Amino acid sequence: MNSYVSRGLWGFGAVSSVLIALVSYRYLVPHMPIPPNVGANLMARPWLFVHAGLASTALLVGPWQFLPRLRARVPRLHRWLGRIYIFSCIVGGTGGLLLAGGATAGPVARAGFGLLAVIWLLVNVQGLRLAMTGRYAEHRQWMIRSFALTFGAVLLRVYIPLSQMMGIEFMTAYRAISWLAWVPNLIVAELYVRGVFRPRRPTAAMA
Ligand code: HEM
(Lines give C-alpha, C1' and ligand atoms only; values in the text may rest on other atoms or scores of the structure.)
Protein backbone atom coordinates (compact mmCIF):
# COMPACT_ATOMS: atom_id res chain seq x y z
CA MET A 1 0.00 0.00 0.00
CA ASN A 2 1.25 3.51 -0.92
CA SER A 3 2.70 5.24 2.19
CA TYR A 4 0.48 8.34 1.74
CA VAL A 5 -2.60 6.11 1.69
CA SER A 6 -1.50 4.18 4.76
CA ARG A 7 -0.64 7.40 6.67
CA GLY A 8 -4.00 8.91 5.69
CA LEU A 9 -5.84 5.78 6.84
CA TRP A 10 -3.90 5.73 10.12
CA GLY A 11 -4.66 9.44 10.69
CA PHE A 12 -8.37 8.97 10.03
CA GLY A 13 -8.43 5.89 12.27
CA ALA A 14 -6.55 7.60 15.11
CA VAL A 15 -8.60 10.83 15.09
CA SER A 16 -11.96 9.03 14.90
CA SER A 17 -10.92 6.51 17.59
CA VAL A 18 -9.80 9.23 20.00
CA LEU A 19 -12.98 11.27 19.42
CA ILE A 20 -15.33 8.30 19.96
CA ALA A 21 -13.36 7.18 23.04
CA LEU A 22 -13.52 10.65 24.64
CA VAL A 23 -17.26 10.98 23.91
CA SER A 24 -17.90 7.48 25.31
CA TYR A 25 -16.22 8.30 28.64
CA ARG A 26 -19.39 10.34 29.34
CA TYR A 27 -20.91 7.17 30.86
CA LEU A 28 -18.45 7.53 33.72
CA VAL A 29 -19.93 10.94 34.64
CA PRO A 30 -22.66 10.46 37.30
CA HIS A 31 -26.28 11.04 36.15
CA MET A 32 -25.40 11.20 32.44
CA PRO A 33 -28.46 10.24 30.35
CA ILE A 34 -28.28 6.73 28.82
CA PRO A 35 -30.08 5.95 25.49
CA PRO A 36 -33.34 4.11 26.42
CA ASN A 37 -32.54 0.91 24.44
CA VAL A 38 -29.14 0.64 26.16
CA GLY A 39 -30.41 1.65 29.63
CA ALA A 40 -32.95 -1.19 29.35
CA ASN A 41 -30.11 -3.73 28.90
CA LEU A 42 -30.53 -6.30 31.68
CA MET A 43 -26.78 -6.22 32.43
CA ALA A 44 -26.35 -2.43 32.22
CA ARG A 45 -25.68 -2.09 35.95
CA PRO A 46 -22.74 -2.27 36.51
CA TRP A 47 -21.42 -3.70 33.24
CA LEU A 48 -22.20 -0.75 30.96
CA PHE A 49 -19.91 1.48 33.05
CA VAL A 50 -17.10 -1.12 33.24
CA HIS A 51 -17.43 -1.78 29.51
CA ALA A 52 -17.71 1.85 28.36
CA GLY A 53 -14.75 2.94 30.55
CA LEU A 54 -12.36 0.16 29.54
CA ALA A 55 -13.38 -0.38 25.89
CA SER A 56 -12.98 3.40 25.37
CA THR A 57 -9.48 3.18 26.88
CA ALA A 58 -8.62 0.42 24.35
CA LEU A 59 -9.85 2.69 21.55
CA LEU A 60 -7.85 5.62 22.93
CA VAL A 61 -4.49 3.85 23.27
CA GLY A 62 -4.73 1.37 20.37
CA PRO A 63 -3.77 3.57 17.38
CA TRP A 64 -0.40 4.68 18.86
CA GLN A 65 0.75 1.06 19.04
CA PHE A 66 0.95 0.90 15.24
CA LEU A 67 3.49 3.73 14.89
CA PRO A 68 6.81 2.00 14.02
CA ARG A 69 8.89 5.02 15.13
CA LEU A 70 7.28 5.15 18.56
CA ARG A 71 7.80 1.40 18.98
CA ALA A 72 11.47 1.69 18.01
CA ARG A 73 12.30 4.88 19.96
CA VAL A 74 10.33 4.32 23.16
CA PRO A 75 9.83 0.54 23.49
CA ARG A 76 8.89 0.89 27.19
CA LEU A 77 5.95 3.13 26.23
CA HIS A 78 4.85 0.53 23.65
CA ARG A 79 4.96 -2.18 26.32
CA TRP A 80 3.00 -0.12 28.86
CA LEU A 81 0.36 1.04 26.38
CA GLY A 82 0.15 -2.58 25.19
CA ARG A 83 -0.54 -3.82 28.74
CA ILE A 84 -3.21 -1.15 29.21
CA TYR A 85 -4.75 -1.99 25.79
CA ILE A 86 -4.90 -5.76 26.41
CA PHE A 87 -6.22 -5.37 29.97
CA SER A 88 -8.90 -2.95 28.68
CA CYS A 89 -9.90 -5.33 25.87
CA ILE A 90 -10.07 -8.38 28.14
CA VAL A 91 -12.02 -6.80 31.02
CA GLY A 92 -14.00 -4.45 28.72
CA GLY A 93 -14.70 -7.40 26.39
CA THR A 94 -15.97 -9.51 29.30
CA GLY A 95 -18.32 -6.61 30.06
CA GLY A 96 -19.29 -6.51 26.35
CA LEU A 97 -20.08 -10.26 26.45
CA LEU A 98 -22.32 -9.83 29.51
CA LEU A 99 -24.02 -6.81 27.92
CA ALA A 100 -24.55 -8.84 24.71
CA GLY A 101 -26.48 -11.40 26.77
CA GLY A 102 -28.72 -8.64 28.16
CA ALA A 103 -29.25 -6.65 24.92
CA THR A 104 -32.90 -5.79 24.33
CA ALA A 105 -32.57 -5.73 20.52
CA GLY A 106 -33.22 -9.50 20.26
CA PRO A 107 -31.30 -12.65 19.34
CA VAL A 108 -29.66 -11.36 16.12
CA ALA A 109 -28.03 -8.41 17.94
CA ARG A 110 -27.21 -10.60 20.96
CA ALA A 111 -25.44 -13.08 18.67
CA GLY A 112 -23.63 -10.32 16.72
CA PHE A 113 -22.28 -8.55 19.81
CA GLY A 114 -21.72 -11.85 21.64
CA LEU A 115 -19.61 -13.38 18.88
CA LEU A 116 -17.65 -10.11 18.54
CA ALA A 117 -16.90 -10.20 22.28
CA VAL A 118 -15.73 -13.83 22.21
CA ILE A 119 -13.49 -13.27 19.16
CA TRP A 120 -12.15 -10.00 20.68
CA LEU A 121 -11.18 -11.85 23.87
CA LEU A 122 -9.53 -14.77 22.03
CA VAL A 123 -7.61 -12.54 19.60
CA ASN A 124 -6.23 -10.43 22.46
CA VAL A 125 -5.21 -13.45 24.55
CA GLN A 126 -3.38 -14.81 21.48
CA GLY A 127 -1.68 -11.42 20.87
CA LEU A 128 -0.55 -11.26 24.50
CA ARG A 129 0.74 -14.85 24.48
CA LEU A 130 2.82 -14.18 21.34
CA ALA A 131 4.32 -10.96 22.78
CA MET A 132 5.22 -12.76 26.01
CA THR A 133 7.00 -15.52 24.09
CA GLY A 134 8.90 -13.07 21.86
CA ARG A 135 7.10 -13.99 18.61
CA TYR A 136 6.77 -10.32 17.63
CA ALA A 137 5.93 -10.67 13.90
CA GLU A 138 2.94 -12.88 14.73
CA HIS A 139 2.08 -10.67 17.72
CA ARG A 140 1.80 -7.68 15.34
CA GLN A 141 -0.54 -9.62 13.03
CA TRP A 142 -2.87 -10.56 15.90
CA MET A 143 -2.91 -6.99 17.21
CA ILE A 144 -3.93 -5.77 13.73
CA ARG A 145 -6.87 -8.20 13.93
CA SER A 146 -7.60 -6.99 17.45
CA PHE A 147 -7.72 -3.31 16.53
CA ALA A 148 -9.88 -4.05 13.47
CA LEU A 149 -12.43 -5.42 15.97
CA THR A 150 -11.97 -2.52 18.41
CA PHE A 151 -12.52 -0.09 15.53
CA GLY A 152 -15.99 -1.62 15.10
CA ALA A 153 -17.05 0.75 17.91
CA VAL A 154 -16.25 3.73 15.66
CA LEU A 155 -18.01 2.27 12.62
CA LEU A 156 -21.10 1.36 14.67
CA ARG A 157 -21.39 5.02 15.63
CA VAL A 158 -21.02 6.05 11.97
CA TYR A 159 -23.43 3.44 10.57
CA ILE A 160 -26.27 4.15 13.05
CA PRO A 161 -26.77 7.82 12.05
CA LEU A 162 -26.19 6.91 8.38
CA SER A 163 -28.91 4.23 8.54
CA GLN A 164 -31.27 6.77 10.14
CA MET A 165 -30.54 9.29 7.36
CA MET A 166 -31.36 6.51 4.87
CA GLY A 167 -34.72 6.04 6.60
CA ILE A 168 -34.07 2.45 7.79
CA GLU A 169 -36.15 1.45 10.84
CA PHE A 170 -33.91 1.77 13.95
CA MET A 171 -34.12 -1.79 15.33
CA THR A 172 -33.66 -3.38 11.88
CA ALA A 173 -30.58 -1.21 11.31
CA TYR A 174 -29.23 -1.86 14.84
CA ARG A 175 -29.49 -5.66 14.41
CA ALA A 176 -27.70 -5.54 11.02
CA ILE A 177 -25.03 -3.17 12.38
CA SER A 178 -24.27 -5.51 15.31
CA TRP A 179 -22.64 -7.66 12.57
CA LEU A 180 -21.72 -5.10 9.87
CA ALA A 181 -19.66 -3.00 12.32
CA TRP A 182 -17.02 -5.73 12.67
CA VAL A 183 -17.23 -8.63 10.16
CA PRO A 184 -16.01 -6.57 7.12
CA ASN A 185 -13.20 -4.99 9.21
CA LEU A 186 -11.98 -8.41 10.27
CA ILE A 187 -11.97 -9.58 6.63
CA VAL A 188 -10.00 -6.47 5.54
CA ALA A 189 -7.52 -6.98 8.44
CA GLU A 190 -7.08 -10.62 7.43
CA LEU A 191 -6.38 -9.65 3.80
CA TYR A 192 -3.91 -6.99 5.00
CA VAL A 193 -2.09 -9.43 7.29
CA ARG A 194 -1.87 -11.92 4.40
CA GLY A 195 -0.22 -9.23 2.22
CA VAL A 196 -3.03 -8.80 -0.32
CA PHE A 197 -2.59 -4.98 -0.29
CA ARG A 198 1.23 -5.08 -0.47
CA PRO A 199 2.62 -3.77 -3.81
CA ARG A 200 3.93 -6.64 -5.91
CA ARG A 201 7.69 -6.67 -6.57
CA PRO A 202 8.52 -6.52 -10.31
CA THR A 203 9.42 -9.97 -11.62
CA ALA A 204 12.70 -10.51 -13.52
CA ALA A 205 10.74 -10.57 -16.79
CA MET A 206 9.15 -7.15 -16.01
CA ALA A 207 12.38 -5.50 -14.75
C1 HEM B 1 -15.21 -4.97 20.36
C2 HEM B 1 -15.98 -5.53 21.28
C3 HEM B 1 -17.23 -4.89 21.82
C4 HEM B 1 -18.38 -5.55 22.16
C5 HEM B 1 -18.63 -7.01 22.04
C6 HEM B 1 -19.30 -4.57 22.65
C7 HEM B 1 -20.57 -4.84 23.09
C8 HEM B 1 -21.48 -3.91 23.54
C9 HEM B 1 -22.86 -4.17 23.89
C10 HEM B 1 -23.53 -5.53 23.79
C11 HEM B 1 -23.41 -3.01 24.29
C12 HEM B 1 -24.87 -2.82 24.76
C13 HEM B 1 -25.75 -2.64 23.54
C14 HEM B 1 -27.22 -2.85 23.85
O15 HEM B 1 -27.63 -3.09 24.98
O16 HEM B 1 -28.00 -2.77 22.86
C17 HEM B 1 -22.39 -2.00 24.20
C18 HEM B 1 -22.58 -0.68 24.51
C19 HEM B 1 -21.58 0.26 24.50
N20 HEM B 1 -20.28 0.06 24.10
FE21 HEM B 1 -19.50 -1.62 23.38
N22 HEM B 1 -18.70 -3.33 22.61
C23 HEM B 1 -17.42 -3.48 22.10
C24 HEM B 1 -16.48 -2.49 21.91
C25 HEM B 1 -16.61 -1.21 22.36
C26 HEM B 1 -15.59 -0.19 22.25
C27 HEM B 1 -14.20 -0.36 21.66
C28 HEM B 1 -16.12 0.94 22.80
C29 HEM B 1 -15.39 2.24 22.88
C30 HEM B 1 -15.96 3.36 22.61
C31 HEM B 1 -17.46 0.63 23.28
C32 HEM B 1 -18.30 1.51 23.93
C33 HEM B 1 -19.61 1.25 24.26
C34 HEM B 1 -20.53 2.25 24.78
C35 HEM B 1 -20.16 3.70 25.10
C36 HEM B 1 -21.75 1.62 24.93
C37 HEM B 1 -23.07 2.27 25.42
C38 HEM B 1 -24.01 2.52 24.24
C39 HEM B 1 -23.61 3.66 23.36
O40 HEM B 1 -23.39 4.80 23.83
O41 HEM B 1 -23.49 3.43 22.12
N42 HEM B 1 -17.72 -0.67 22.99
N43 HEM B 1 -21.24 -2.56 23.73
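Residues numbered from 1 in each chain as written. Predicted model: local features only at pLDDT ≥ 70, side-chain atom pairs only at ≥ 80, totals over all residues. Heavy atoms only, no water.

Enquirer: Explain the packing of helix α7 (residues 136-150) against helix α8 (residues 152-165) here, please?
Expert: Where α7 contacts α8, the axes come no closer than 5 Å and their chain directions differ by 25 degrees. With respect to each other, α7 and α8 are oriented roughly parallel. Two secondary-structure elements touch here, α7 through Ala148, Leu149 and Thr150 and α8 through Gly152, Ala153 and Val154. The class makeup of the residues in the contact of α7 with α8 is four nonpolar, two polar and no charged. (Axes fitted to C-alpha atoms, helices over the stretch in contact; angles between N-to-C directions. Helix = DSSP H or I, 4+ residues; strand = E, 2+ residues; numbered from the N terminus. Parallel < 35°, antiparallel > 145°, perpendicular 65-115°, else oblique. Contact = heavy atoms within 4.5 Å. Nonpolar A, V, L, I, M, F, W, Y, C, P; charged D, E, K, R; others polar.)

Enquirer: In this structure, what is going on with the coordination of the iron atom of the ligand? I would like to understand it.
Expert: Expected angles at a metal are 109.5 degrees for tetrahedral coordination by four donors and either 90 or 180 degrees for octahedral coordination by six donors. Of all protein atoms, just one serves as a donor to the iron atom of the ligand, and that atom is His51 (NE2), at 2.0 Å. For histidine 51, the location among the structural elements is in helix α3 (residues 44-61). (Donors = N, O, S within 2.8 Å, 3.2 Å for Na, K, Ca; no water.)

Enquirer: Is there a simple way to explain the packing of aromatic side chains in this structure?
Expert: Geometrically, a pair of aromatic rings is defined through the distance of the ring centres and the angle of the planes. This structure, assessed with the given rule, holds seven aromatic pairs. Judged by centre distance (5.4 Å) and plane angle (75 degrees), the ring pair of tryptophan 10 and tryptophan 64 falls under edge-to-face. On the criterion of sequence distance, the pair formed by tryptophan 10 in helix α1 (residues 3-24) and tryptophan 64 in the loop between α3 and α4 (68-73) is long-range, its members being 54 residues apart. Overall, the relative accessible area of 32% leaves tryptophan 64 in the partly exposed class. (Phe/Tyr/Trp six-rings, centres within 6.5 Å; stacked < 30°, edge-to-face > 60°. Buried < 20%, exposed > 50% of the residue type's maximum accessible area, 1.4 Å probe, protein only.)

Enquirer: How should I be thinking about the site of the ligand in this particular structure?
Expert: Of all residues adjacent to the ligand, which total 24 residues, the nearest are Tyr27, Asn41, His51, Arg157 and Tyr174. Elements that contribute at least two residues to the shell around the ligand include exactly α3, α5 (75-102), α6 (107-132), α7 and α8. The element that contributes the greatest number of residues to the shell around the ligand is α3, accounting for six residues. Residues that form the shell around the ligand fall into these classes: 16 nonpolar, six polar and two charged. (Near = heavy atom within 4 Å.)

Enquirer: Which parts of the structure should I look at to understand a nonpolar patch on the surface?
Expert: Taken together, Ile187, Val188, Leu191, Tyr192, Val196 and Phe197 make up a surface patch of nonpolar side chains, about 510 Å² in accessible area. Here valine 196 shows up in the segment after α10 (183-193). (Patch = residues over 30% accessible without salt bridge, like charges linked within 9 Å, V, L, I, M, F, W, Y side chains within 5 Å. Areas by Shrake-Rupley, 256 points an atom, 1.4 Å probe, with all protein chains shown as cover. Salt bridge = Lys/Arg side-chain N within 4 Å of Asp/Glu carboxyl O.)

Enquirer: How should I be thinking about the environment of valine 154 in this particular structure?
Expert: Looking at the element boundaries, valine 154 is found in helix α8. Here the alpha-carbon distance between valine 154 and leucine 59, two residues 95 residues apart in the chain, equals 8.8 Å. Residues within four places of valine 154 in sequence aside, it is in contact with Ser16, Ser17, Ile20 and Leu59.

Enquirer: Mind showing me how you'd approach the packing of α1 against α3 here?
Expert: Working note: a packed helix pair is described by the angle between its axes plus the distance between those axes. As a packed pair, α1 and α3 sit with axes 8 Å apart at the nearest point and diverge in direction by 160 degrees. Classed by the angle they form, the pair α1 and α3 counts as roughly antiparallel. In terms of crossing hand, the pair formed by α1 and α3 is left-handed. Between α1 and α3, the residues in contact are Ser17, Val18, Ile20, Ala21, Leu22 and Ser24 and Ala52, Ser56, Leu59 and Leu60, respectively. Here the contact of α1 with α3 is composed, by residue class, of seven nonpolar, three polar and no charged. (Left-handed = near helix turned anticlockwise from the far one by under 90°.)

Enquirer: Explain the environment of glycine 112 here, please?
Expert: Along the chain, glycine 112 falls in helix α6. For the pair formed by glycine 112 and glutamine 141, sequence separation is 29 residues and the distance between their alpha carbons is 23 Å. The contact partners of glycine 112, leaving out residues within four places of it in the chain, are Ser178, Trp179 and Trp182.

Enquirer: What exactly am I supposed to notice about α7 here?
Expert: Note that an α-helix has 3.6 residues per turn; residues three or four places apart therefore point the same way. The terminal C-alpha atoms of α7, which comprises 15 residues, lie 20 Å apart, in line with the 21 Å expected from a rise of 1.5 Å per residue. Taken together, the buried positions of α7 are His139, Met143, Ile144, Arg145, Ser146, Phe147, Ala148, Leu149 and Thr150. Contacts made by the buried residues of α7 are with α1, α3, α5, α6, α8 and α10. (Expected span 1.5 Å × (residues − 1).)

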